[in-house]
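A structural walkthrough
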Amino acid sequence: ALTIMNMLIGVLCEVVGAVAAGEKEEMTIQFVKQRLRGIIFGLDTDGDQVISRKEFIGLLQDSEAVRALHDVGVDAAGLVDFVDIIFEGESGHDCKTMSFSTFLEVILDLRGSHNATVKDVVNLRKYMRNANMQIVKLLQQTNSRMDGLDEKLKKISMRDTRKSLA
């Protein structure tokens, strides 16, 4: 009976610790969310209440924003490398702006403590498929141009051959 009671106490302590960690995480996120909201809308030069690429880069240059991102476990210096990915839409084309809630979701997904999920793998797959489709399209355009150049070279070669024979 004493062993079972010790096990239950251990389980209870583990649950309380997990709940406390979750609550602390939620409070930190809410605090950072409020700080970032104030900073971002202060940088919102056009007043449209959405974040543009230019405003995002301005955010990364703000020391208070960098501290807020660091508090929630996001490497602000590393975000500079992800600007193109952050502002890429579903279709693979650049999206010009994003809402604050979308921005916060994307940023929180880029935390160092965030483990990869099935959703992340699916998003990577979509990204790779879109990138591959863009490459295939560019290769087709290049092949088409090369075919056109081949035809022009053949015509020039035939014309030069006729001139040399005449």
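Within any chain, residue numbers begin from 1 and follow the written order of that chain's sequence. The model is predicted, so local features are restricted to residues of pLDDT at least 70 and side-chain atom pairs to those at 80 or more, both for listing and for counting; the totals for chains, interfaces and linings are taken over all residues. Water and hydrogen atoms play no part in the side-chain values, which are based on all heavy atoms of the structure.

Concerning empty space enclosed by the protein
A pocket, in this scheme, is an open set of points on a 1 Å grid over the protein atoms alone with protein on both sides within 12 Å along at least 5 of 7 lines, while a cavity is a set where a 1.4 Å probe fits but cannot get out; residues line either one if an atom lies within 4 Å of a point. Grid points are joined across faces, edges and corners, and a volume is the space filled by probe spheres set on the points. Across all of its chains, the model carries one cavity of 30 Å³ or more by this definition. If you add up the space inside the largest cavity, you get close to 30 Å³. Along the walls of the largest cavity sit Ile40, Leu43, Ile51, Glu55, Phe56 and Leu59, which together make up its complete lining. At the level of secondary structure, the elements contributing two or more residues to the lining of the largest cavity comprise helix H1 (2-43) and helix H2 (53-60). Helix numbering and strand numbering both begin at the N terminus, where a helix is a DSSP run of H or I of at least 4 residues and a strand a DSSP run of E of at least 2. Among the elements that make up the lining of the largest cavity, the one with the highest residue count is H2 (three residues). Side-chain classes follow a simple rule in which Ala, Val, Leu, Ile, Met, Phe, Trp, Tyr, Cys and Pro form the nonpolar group, Asp, Glu, Lys and Arg form the charged group, and the remainder, Gly included, forms the polar group. Per-class residue counts for the lining of the largest cavity are five nonpolar, no polar and one charged.

Some details on the nonpolar core
Residues belong to one nonpolar core when they are buried, are Ala, Val, Leu, Ile, Met, Phe, Trp, Tyr or Cys, and are joined through side-chain atoms within 4.5 Å. When accessible area is computed with a 1.4 Å probe and restricted to protein chains, residues below 20% of their type maximum are described as buried, those above 50% as exposed, and intermediate ones as partly exposed. Counting residues in each nonpolar core, the largest one holds 25 residues, and the members touching the most others are Leu36, Phe56 and Phe103. Going through the elements one at a time, H1, H2, helix H3 (63-71), helix H4 (76-79), helix H5 (83-86) and helix H6 (100-109) are the ones with two or more residues in this core. Two residues form a contact once any of their heavy atoms are found within 4.5 Å. If near-sequence neighbours (up to four positions away) are discounted, phenylalanine 103 is found in contact with Ile40, Ile51, Phe56, Leu59 and Met98.

Remarks on the packing of aromatic side chains
Centre distance within 6.5 Å is the pairing criterion for rings of Phe, Tyr and Trp, where only the six-membered ring of Trp is used; planes under 30 degrees apart are then read as stacked, over 60 as edge-to-face, and the remainder as tilted. Within this structure, the stated rule accounts for three aromatic pairs. Relative to phenylalanine 103, the ring of phenylalanine 56 has its centre 5.7 Å away and its plane inclined at 75°; by these criteria the two rings are edge-to-face. Pair noted here: phenylalanine 56 is in helix H2 and phenylalanine 103 is in helix H6, with a separation of 47 residues, a long-range link. Phenylalanine 56 gets classed as buried once you look at its relative accessible area, which sits at 1%. Overall, phenylalanine 103 belongs to the buried group, its relative accessible area being 1%. Taken together through their ring pairs, the aromatic side chains of Phe56, Phe87, Phe100 and Phe103 make up a single cluster.

Remarks on the packing of H1 against H3
Where H1 meets H3, the closest approach of the two axes is 9 Å, and the angle between their N-to-C directions is 160°. Put simply, H1 runs roughly antiparallel to H3. With respect to the hand of their crossing, H1 and H3 are arranged in left-handed fashion. Here H1 contributes Thr28, Val32, Arg35, Leu36 and Ile39 to the contact with H3, which in turn contributes Glu64, Ala65, Arg67, Ala68, Leu69 and Asp71. Its residues assigned to classes, the contact of H1 with H3 comprises six nonpolar, one polar and four charged. Geometry is summarised by axes, namely lines fitted to C-alpha atoms with helices restricted to the contacting stretch, and by angles between N-to-C directions that run from 0 to 180 degrees. Angles are sorted into four bins: roughly parallel if under 35 degrees, roughly antiparallel if over 145, roughly perpendicular if 65 to 115, and oblique for all others. Here a crossing is called left-handed whenever its near helix is offset anticlockwise from the far helix by less than a right angle, and right-handed whenever the offset is clockwise.

Observations regarding the side chain of glutamate 55
Relative to the assigned elements, glutamate 55 resides in helix H2. Positive: Lys, Arg. Negative: Asp, Glu. His and the chain ends are not part of the count. A pair is scored as a salt bridge if a Lys or Arg side-chain nitrogen falls within 4 Å of a carboxyl oxygen belonging to Asp or Glu. No salt bridge is formed by the buried glutamate 55; the nearest opposite charge belongs to lysine 54, separated by 8.0 Å. Within 3.5 Å is the distance limit for a polar contact, defined as a pair of N or O atoms, with the added protein rule that one can donate a hydrogen and the other accept it, and that residues adjacent in sequence qualify only through two side-chain atoms. Separated by 3.0 Å, the side chain of glutamate 55 and the backbone nitrogen of serine 52 make a polar contact. For glutamate 55, the contacting residues outside a window of four places in its chain are Leu43, Asp44, Thr45, Asp46 and Val50.

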